[in-house]
Every structure is written in structure tokens, then in C-alpha cells.
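Single-letter residue listing:
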Amino acid sequence: MAGVSKCLKYSMFVFNFLFWVCGCIILGISIWLRVSKDAQKELGDNMLPAIDLMIAVGAIIMVLGFFGCCGAIKESKCLLLLFFIGLFLILALQVTAGILGAVYKSKIEDEVNKTLNNLLPLSGQSNNFIASLDAIQQESKCCGIVDGYSDWSGSIPKSCICTASTESHPCVTYQGKLYYKQSCATAISDLMKKNLIIIIGVAFGLALIELVGLGFSMTLYCQIKKK
């Protein structure tokens, strides 16, 4: 009977060890952000669901990496099969999310706009949220999140003040002062569109890595089965 390829075996181990290390890093940073009072103060309560999601992602990657490493070294069909199924489900979820995102794009945008409108007026939000948005306004040269300066209901922060109107950052006059016309939601959306190629490249890169992992695990599984 054919033996197991040592090159494939140790390649699978190295691949999954790096996979496991990435999971450890993601999980460690996410847990630190979740328990650190300074980090929570800086990020605000609105980021907690995203941090919880990153904790889950890091834990899943760690578990899958562990299954892959042990499955390769111990030549365990069970662990390799668990790794394959887990990685396949992640890839399937990514593809499904991409398809649903394309199909329900307009509905998603409507829900996002509804969520943003529920935050108005911005002056009634928590101090952490206002501080975070204030920093975004200063960095992106925008004001408000939906309709510009009117989102602040009269309590317009200094970060909305426009020094000079340009084509990329137009200004509007209100009560004798110049404010950025563009809302921050629009500015962030435009930035994401400009970096869409990078986002697509990262998505394809992740999918390629996952396909390599699926190929490694299934090939090794078949070799062990024939052994």
C-alpha cells in the first residue's frame, strides 16, 4: 500500500501551525480589547459586538488549526475530516454572504440608513460615541452621519468647521459659519468604493488559502486511508 507523503504531511502541519498562530493573535487581541477599560473607553460601546465576533472568529481559527496540526502529525483521519468540514463551512459561509450581499444590496443599504437615522440627533448620544465620531469627522473632513451638520441638532462640534471649500470636500454655510457638506457615512462609503479592489483581493486571498487547506487535508486524508 502507498505510504503517506512526508512532504505533504509536514506542509500540512506548517500551514495549520501558522493558521493556529493567526487564531491565537486574533483571539488574544480581541480578548484584550474586550476586558481593557482603556480600550473600551477609546472604542466605545458600539464596537463591542464587533469585538465579540472577533473573539469567536479567533477561537474557531485556533480550533481548526489545532485539528489540522494534530491530524497531520498523528495521521488522524478523524481530525483531518473535522478540519476539512470546518474549513469548508467557513468557505461556504463566505460565498453565501457574498451572494446574499449582492442580491439584497438595496435592502441592506435601507437597513443601514434606518440604523443611522435611529442615532439622530447625534448630540443625544454617549460621550464615547461623540468623541469617536468627532475624530472621524476631523480625519475624513465630514460632518454628521446622514444629512451633514443638521444631524447635530444645533450643537455642531468644531470638527465640522470647514476652512476652505474644495471639490473633494465642499462646504456649506450655516449661521455665518462654514461646515463640511458631506456626511461621514458618505465619506466612508466613498473610501470603501475606492478601496474595493483591495477588499476583493483580500477576499479572494482568503478563499485561496482556504482552498489550499482543503486540498492539503483531503489529499492527506486519502493517503492515510489507502495506507
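In case you missed it, the structure is sitting above this.
Being a predicted model, the structure only gives us computed values, none of them experimental.

A. Spotlight on the pairing of strand β1 (residues 171-174). Note that β1 and strand β2 (residues 177-180) share four bridges and pair antiparallel. Paired with Thr173 across the bridge in β2 is Leu178. Between β1 and β2, which pair antiparallel and follow one another directly, the connecting turn spans two residues, one of which, Gln175, has a positive phi of 50 degrees.

B. How the structure looks around the packing of aromatic side chains. Counted according to the given criterion, the structure contains ten aromatic pairs. Summarising the aromatic geometry, the rings of Phe66 and Phe67 are spaced 6.3 Å apart at their centres and angled 50 degrees between planes, so their arrangement reads as tilted. Here Phe66 falls in the partly exposed class, since its relative accessible area comes to 47%. A residue is classified by how much of its surface remains accessible, and Phe67, at 21% relative accessible area, is partly exposed.

C. Seen up close, the state of the cysteines. What the rule picks out here adds up to three disulfides. The partner cysteine of Cys142 in its disulfide is Cys184, sulfur to sulfur 2.1 Å. Here the S-S torsion is close to 90 degrees, and the disulfide linking Cys142 with Cys184 is therefore right-handed. With a gap of 42 residues between them, Cys142 in the loop between α6 (127-140) and β1 and Cys184 in helix α7 (residues 184-194) connect regions that are remote in the sequence. The buried category is assigned to Cys142, whose relative accessible area is 0%. The buried category is assigned to Cys184, whose relative accessible area is 2%. The disulfide partner of Cys162 is Cys171, and the S-S distance across this bridge is 1.6 Å. Each member of the pair Cys162 and Cys171 is classed as buried.

Each value, and the rule that gives it
Residues numbered from 1 in each chain as written. Predicted model: local features only at pLDDT ≥ 70, side-chain atom pairs only at ≥ 80, totals over all residues. Heavy atoms only, no water. Pairing = 2+ DSSP bridges. Helix = DSSP H or I, 4+ residues; strand = E, 2+ residues; numbered from the N terminus. Phe/Tyr/Trp six-rings, centres within 6.5 Å; stacked < 30°, edge-to-face > 60°. Buried < 20%, exposed > 50% of the residue type's maximum accessible area, 1.4 Å probe, protein only. Disulfide = S-S within 2.5 Å.

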